[in-house]
Amino acid sequence: MDQRLPCDQATLRDWMVAYIGGVLTLPEGVPTAATFDSYGFDSVEAVVMAGVMEEEFGVQVDPVQLLEHPSIDAFCAAFASDGTGPLPAEPAA
């Protein structure tokens, strides 16, 4: 993923909460600061969500980035258009 998603952090956070809330049944809602794995969102779900995000936002999303930024808050801070700082470095091939 070499560019940010074309939305701000709040929009991306809301989208991710709605998506994950639709996939998982979480009685307390979707905790945005907790790691994905803490509420049962695994790597298979991350790959599927990355594909849906690509369709929704028109930007290629590498599912590895969801593992490297393993919470909604961390991912949004790194990849929303209003994120601070440079994009995270791509892992060496």
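Being a predicted model, the structure only gives us computed values, none of them experimental. (Residues numbered from 1 in each chain as written. Predicted model: local features only at pLDDT ≥ 70, side-chain atom pairs only at ≥ 80, totals over all residues. Heavy atoms only, no water.)

Draft legend 1. Summary view of the packing of aromatic side chains. Per the counting criterion, the structure on display carries 5 aromatic pairs. On the numbers, 5.7 Å between centres and 50° between planes, the contact of F36 with F41 is tilted. Across the pair, F41 and F36 agree in class, each one buried. Taken together, the aromatic side chains of W15, Y19 and F57 make up a single cluster linked through ring pairs. (Phe/Tyr/Trp six-rings, centres within 6.5 Å; stacked < 30°, edge-to-face > 60°. Buried < 20%, exposed > 50% of the residue type's maximum accessible area, 1.4 Å probe, protein only.)

Draft legend 2. A look at the environment of D37. The residue D37 is located in the loop between α1 (9–23) and α2 (43–57) in this model. For D37, a relative accessible area of 61% gives the class exposed. Put simply, D37 and P70 are 33 residues apart on the chain and 7.9 Å apart in space, counted from C-alpha to C-alpha. (Helix = DSSP H or I, 4+ residues; strand = E, 2+ residues; numbered from the N terminus.)

Draft legend 3. α1, seen in detail. Relative to the 21 Å expected for 15 residues at 1.5 Å per residue, α1 spans 21 Å between its end C-alpha atoms, a close match to the ideal helical length. Residues of α1 that are buried sit in contact with α2, α3 (63–68) and α4 (72–79). Here α1 starts with a cap whose side-chain oxygen sits 3.3 Å from the backbone nitrogen of A10, and that cap is D8. (Expected span 1.5 Å × (residues − 1). Contact = heavy atoms within 4.5 Å. Polar contact = N/O pair within 3.5 Å; in protein donor to acceptor, adjacent residues only side chain to side chain.)

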